[in-house]
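# Structural overview
What follows is the residue order along each chain.
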There are 4 protein chains.
Amino acid sequence: MYEVTAPQGQFFGKVFAFPVRVYYEDTDAGGIVYYANYLRFAERARTELIRVLGFCHNEGLEAEEKCGFTVRSCAIDYKLPAILDDVLTVTCEVTEAKGASAVMVQEVWRKDELLATVEVKLAYVNFVRKRPVRIPSELLDKLSSL
Amino acid sequence: MYEVTAPQGQFFGKVFAFPVRVYYEDTDAGGIVYYANYLRFAERARTELIRVLGFCHNEGLEAEEKCGFTVRSCAIDYKLPAILDDVLTVTCEVTEAKGASAVMVQEVWRKDELLATVEVKLAYVNFVRKRPVRIPSELLDKLSSL
Amino acid sequence: MYEVTAPQGQFFGKVFAFPVRVYYEDTDAGGIVYYANYLRFAERARTELIRVLGFCHNEGLEAEEKCGFTVRSCAIDYKLPAILDDVLTVTCEVTEAKGASAVMVQEVWRKDELLATVEVKLAYVNFVRKRPVRIPSELLDKLSSL
Amino acid sequence: MYEVTAPQGQFFGKVFAFPVRVYYEDTDAGGIVYYANYLRFAERARTELIRVLGFCHNEGLEAEEKCGFTVRSCAIDYKLPAILDDVLTVTCEVTEAKGASAVMVQEVWRKDELLATVEVKLAYVNFVRKRPVRIPSELLDKLSSL
């Protein structure tokens, strides 16, 4: 049918960078991107980083025991507002990954302006048993080798 | 800094096609894309069609008299659900454009499965004076020549 | 702890009415409620109508065979925009309910101004088997008697 | 027309508490409330706290110089997930307010279970001139006297 390609990010050294276009849906009546939406953008970049490594964000190695990362905490600093039609670069750097947890540091850029930083602490969990499990060694190896 | 490219669509004849990846933010507890979010996807495709024609969705020719398209009505048919991690193709075909109004017919595809159709009736309005105005002839010419 | 009451709607004759406050999250850079968000508001009112009848939107009578309404199609007319801080009344009237389907006509009001109308066609489906099933007679009786 | 009342929160000592019902729109394919949406809930409670004090979240004292609070940073801890149909209580306690800034500590409860905490640092800004201004003394007095 129509052959189009989903947006993909890429690594610049240890830093994964993913493009995000700002649409009306992302903005609010203040004329800027709504503060919660930076977390949507950040999650897209994390998902694509994991996908580029050959894993699906929300799949463990065995289908019947679905596993994946879940956010334990995050801290966001808003420095400058993004606005409608901006093309943003959302980065993701894995600064820690061991056992059942990982830390990712993310930034939102508009060209050479840093708009926001997001630090996310993640746990790897078995969604069926609802408890943390060790990150699969294959994935852990890749995250550690970035 | 990080050079990444925002996703772009392209024309296949008269039909503009734009890729959309489904993230957690788009889904709901039913495990599928939330029904309102197809309208977010549709608006992205309309915006990119206008952008490819050389116009900005929300800009008129004079900055002090900001103009743009606004949705008057829409009708959505849900045929099959989209799910997490899907890559969708959202199309947009301008079926009518004259005076201050336009009609766009849109479809949401996952490979060769048609998931949803959206028909949107738009008015071109002066956002400051809050009333319909004629579509600028430059834009109208491009819309009509598709 | 803190005793607060979730917002509830009520019937005015056959018409169920539910209040919705507009927050920043609902608006866009145009200064008005984003067009897809009327569907979020409409779904809240439908859910609360079903809840007032003693049913949970997403539960069938047997837990192991989860059933509920899903949207087949909808048509929205936008008449006047809602803005930040508005208190809206979202109505829901069941105009048809039989077999495995229902039709609900909804309106969005700001005091005595009609802002939007939404017509929704719903199917009652078994979410596990992914196919339409008859609306449980208990629920159907209540919907029919409105 | 239809007389319905928008949901309101109330103070329990220094702590303002506001009810939030979880709808499909708030959840994701993991079956739980999407992590960014806790920020939507938190903002609703902050807005209602300000409204109860007699101020409008996004209005200064003079209309031509629109002022209001904007989020500078926030930190969220996710302890337990909220799910569909939950009635949550979102609290807001002003722990600091002086000059052009304020700190609010917020919690999300489901009955007696603490699901999440959110700490928000806010700046009071003139949205037209895009710079911080002193919180109006009338509002500051009220915030300080809580």
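To be clear, the structure that these remarks concern was listed above.
The notes below deal with the structure included here. Just so it is clear, the model here is predicted, and its values are computed rather than measured. (Residues numbered from 1 in each chain as written. Chains lettered and ligands numbered in written order. Predicted model: local features only at pLDDT ≥ 70, side-chain atom pairs only at ≥ 80, totals over all residues. Heavy atoms only, no water.)

### Overview of the packing of aromatic side chains
All names here are of chain B. Taken as a whole, this structure holds 28 aromatic pairs over all chains when the rule is applied. Relative to Tyr78, the ring of Tyr35 lies with its centre 6.1 Å away and its plane at 45°, an arrangement referred to as tilted. In this pair, Tyr35 is assigned in the loop between β2 (15–21) and α1 (37–52) and Tyr78 in strand β3 (residues 67–78), connecting sequence segments 43 residues apart. Take Tyr35 and Tyr78: they sit in the same class, and that class is buried. (Phe/Tyr/Trp six-rings, centres within 6.5 Å; stacked < 30°, edge-to-face > 60°. Helix = DSSP H or I, 4+ residues; strand = E, 2+ residues; numbered from the N terminus. Buried < 20%, exposed > 50% of the residue type's maximum accessible area, 1.4 Å probe, protein only.)

### Quick look at the interface of chain B and chain A
With 35 residues of chain B at the contact, the number on the chain A side is 35 residues. Buried area between chain B and chain A, summed over both chains or domains, comes out near 3,200 Å², and the portion from carbon and sulfur atoms is 60%. Inspection of the region where chain B meets chain A yields eight salt bridges. Ionic pairing is found between Arg21(A) and Glu48(B), a salt bridge with its closest N-O pair at 3.7 Å. Viewed at the interface, chain A and chain B are joined by eight residue pairs in polar contact (both at pLDDT 80 or more). Among the secondary structure elements, those contributing two or more residues to the side of chain B that touches chain A are β1 (10–12), β2, α1 and β4 (87–98) of chain B. The biggest single contributor to the side of chain B that touches chain A is α1(B), with six residues. For the side of chain B that touches chain A, the per-class residue count stands at 17 nonpolar, seven polar and 11 charged. (Contact = heavy atoms within 4.5 Å. Buried area = accessible area lost by both parts, 1.4 Å probe. Salt bridge = Lys/Arg side-chain N within 4 Å of Asp/Glu carboxyl O. Polar contact = N/O pair within 3.5 Å; in protein donor to acceptor, adjacent residues only side chain to side chain. Nonpolar A, V, L, I, M, F, W, Y, C, P; charged D, E, K, R; others polar.)

### Some thoughts on the environment of Thr89(D)
The topology assignment puts Thr89(D) in strand β4 (residues 87–98). With 20 residues separating them along the chain, Thr89(D) and Trp109(D) place their C-alpha atoms 5.0 Å apart. Once you skip the residues sitting within four places of it in the chain, Thr89(D) turns out to touch Tyr2(C), Val4(C), Ala17(D), Phe18(D), Glu107(D), Val108(D) and Trp109(D).

### Digging into the relation of the copies chain C and chain B
Once chain C is rotated about the relating axis by 180° and shifted along it by 0.0 Å, it coincides with chain B to within an RMSD of 0.0 Å. Such a turn and shift between the copies fits a two-fold axis. Residue Ala75(C), judged by its C-alpha, is the member of chain C lying nearest the rotation axis, at 2.1 Å. By residue overlap, the copies meet face to face through one surface: 100% of the interface positions of chain C are interface positions in chain B. (Least-squares fit on C-alpha atoms with pLDDT ≥ 70 in both.)

### Regarding the interface of chain C and chain B
Accessible area lost when the parts come together is the quantity often used to give the size of an interface. Contact with chain C, which involves 16 residues of that partner, is made by 16 residues of chain B. Note on chain C versus chain B: buried area summed over both sides is about 1,400 Å², and carbon and sulfur give 57% of it. Our enumeration of links across chain C and chain B arrives at zero salt bridges. At the boundary of chain C and chain B, one finds 10 residue pairs in polar contact (both at pLDDT 80 or more).

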